[in-house]
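Each chain, written out:
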Amino acid sequence: MKDLTAALEERARPEGLAWLRETSAAVAADAAALRTKFAMVGRKVGREPLDPSADPADVWAWTVDDAARVLLLLAAGERAEAELAELYRFGDAAERRGVLRALAYLDIEDRGLGLVDDAIRTNDTRLIAAALGPYATKHLSDAQFDQAVIKCVFVGVPILGIDGLPERVTPDGARMLAAFVHERVAAGRDLPPEVWTVIDQYPSAEHIAAIEAELQSPFEDRRAAAERALSYRNVQEQNA
Amino acid sequence: MRIFDPHAHMTSRTTDDYEAMYASGVRALVEPAFWLGQPRTAVGSFIDYFNSLLGWERFRSGQFGIRHHCTIGLNPKEANDEALAREVIEVLPRFLAKDGVVAVGEIGFDAMTAAEEWAMKAQLELAVEFELPVLVHTPHRDKAHGTRKTIEMVIESGVKPEFVVIDHNNELTVKDVLDSGCWAGFSIYPGTKMDEYRMVRVAQEHGLERILVNSACDWGVSDPLKVRKTADAMAEAGFSADDIDRLVWRNPVEFFAQSGQLIIDDIEAPDLTATFEGSGVLRGER
């Protein structure tokens, strides 16, 4: 929380910070104020990446409004929890991201898991990334976590940003990813190189052999895809 | 050419359409909330629809390089289910303060019933409360009379005329609308409400002040490239590039910027500062 405040103070405009202080006080007095104020954060405090060197297109990068929304929820104290579900239900994507990123800062045990689950089910890459922070690492079941990792690969969310990777993945998750590489190679297609950092936590001999067998495929595109996939693996190993 | 389509029902369009629109110059658009081709029966259907306008459709549009905004409102057709209409109007305030919600709409008349009138009044009051522009749909039937009645109600409600766009105009309604101080919208359709060649004549006769053109592009026979086709027809008829930019970009920006909730400050920024000084919308938001 101190980090968020400090980062915001460096990044947001003085009038934005003044609005945030004023609104935090209003929310502390009456948490219902969140229902109207939460939507206004972007235009009052800003929407740019919190880290000035971050790429605005990076779905993992926190934004100024993310940090401001987390601080507003913290300002509501114990009464924040009662507002969460409705803020999420009636929130646009930026508001939902704010709720999701706040979960790790709130004292709600696993009671925010339904929101994480909902966000992972969407195909909105920003929501999926916002859901997969430390709160998800702590509370998702192993199977849910593995599925979330695969989902990220499917929709194009770079997986190295997922909190808890690669340790949190299970042998079954590593196996599913290896099978997915095989499926892509057989289609002559690619997957991002970083999948190997997960796969090689628990290398599945069966699927890796199947990928290697594609090097002998009668089809040129499949041979080439297998070569690329395996070369990515070597690069990841050298980096490790 | 940069195009802002001020009325496009993208929920009913494919990704091919998004690609073609981007290629034609569309960089920003407004998707007005409307009905979905058949009546909804529960308020939850409206909530999910409004959320999809603010969430998924905005995300989808962004994937194709087009900034998506929306209007939120209860359309006149569904206003006739009175019990449901009350429930919908009750949830509207939760959506009207959002970034990217640039007007209340589409509201207006369909069959000019008492229920439609009640829903329109209630939503005009919300527009005043939230200081938002209003997008008004004119009836398909008995259009000239319905349009005049609409204008009267708007003026009575206390919404400033310059905060109102009255849409789906034709040769016979445009004068009343412009004389009232409201903006006049034209939906350019293949062969029905208005086409690009008739639109050129309207522009020659009435000028470009407070005029908007849109493709409407819903699930009926419609064409998401009609704004570009209108621009091309205008160029052919001798309108300058600056005139065309005014009609297909600066006019919609000027109208919807009045909401304070337009998010286009990071699109084509150098171009915008050069041509759109003094609005204050394009700076200071970020």
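Residues numbered from 1 in each chain as written. Chains lettered and ligands numbered in written order. Predicted model: local features only at pLDDT ≥ 70, side-chain atom pairs only at ≥ 80, totals over all residues.

Colleague: Whenever I open this one, the overall build of chain B confuses me. Can you help?
Modeller: A count of helices and strands for chain B gives 13 helices and eight strands. Whereas a compact globule of 286 residues would reach a radius of gyration of roughly 19 Å, chain B reaches 17 Å, a difference of no more than 12%. Each of the three principal axes of chain B carries a C-alpha extent, and together these read 50 × 40 × 35 Å. Within chain B, the proportion of its 286 residues that are buried is 45%. (Helix = DSSP H or I, 4+ residues; strand = E, 2+ residues; numbered from the N terminus. Rg over C-alpha atoms; globule rule 2.2 N^0.38 Å. Buried ≥ 20, exposed ≤ 12 C-beta atoms within 10 Å, placed from the backbone.)

Colleague: Whenever I open this one, the interface of chain B and chain A confuses me. Can you help?
Modeller: In many reports, interface size means the accessible area that the parts give up when they come together. Residue-level contacts link 12 residues of chain B with 13 residues of chain A. Ranked by the residues each element gives to the side of chain B that touches chain A, the list is headed by helix α3 (residues 56-63) of chain B, at three residues. Split into classes, the residues belonging to the side of chain B that touches chain A amount to four nonpolar, two polar and six charged. (Contact = placed C-beta atoms within 7 Å. Nonpolar A, V, L, I, M, F, W, Y, C, P; charged D, E, K, R; others polar.)

Colleague: Help me out: how do you make sense of the sheet that holds strand β7 (residues 183-187) of chain B in this one?
Modeller: The strands that make up a sheet pair up through hydrogen bonds in the backbone, lying either parallel or antiparallel. Residues and elements named next belong to chain B. With parallel pairing, the eight strands of this open sheet are ordered in space as β1-β2-β3-β4-β5-β6-β7-β8. A strand with exactly one partner marks an edge of an open sheet, and here the two such strands are β1 (3-5) and β8 (211-214). Neighbour-to-neighbour, the strand axes of this sheet turn through a mean angle of 25°, independent of strand direction. Sheet topology note: the β1/strand β2 (residues 26-32) ladder contains three bridges and is parallel. Among the inter-strand pairings, Ile3 is bridged to a residue of β2, identified as Val26. Each of β4 (101-108) and β5 (134-137) is contacted by helix α7 (residues 114-130), which is oriented at about 160° to β4, the strand it contacts most. (Pairing = 2+ DSSP bridges. Axes fitted to C-alpha atoms, helices over the stretch in contact; angles between N-to-C directions.)

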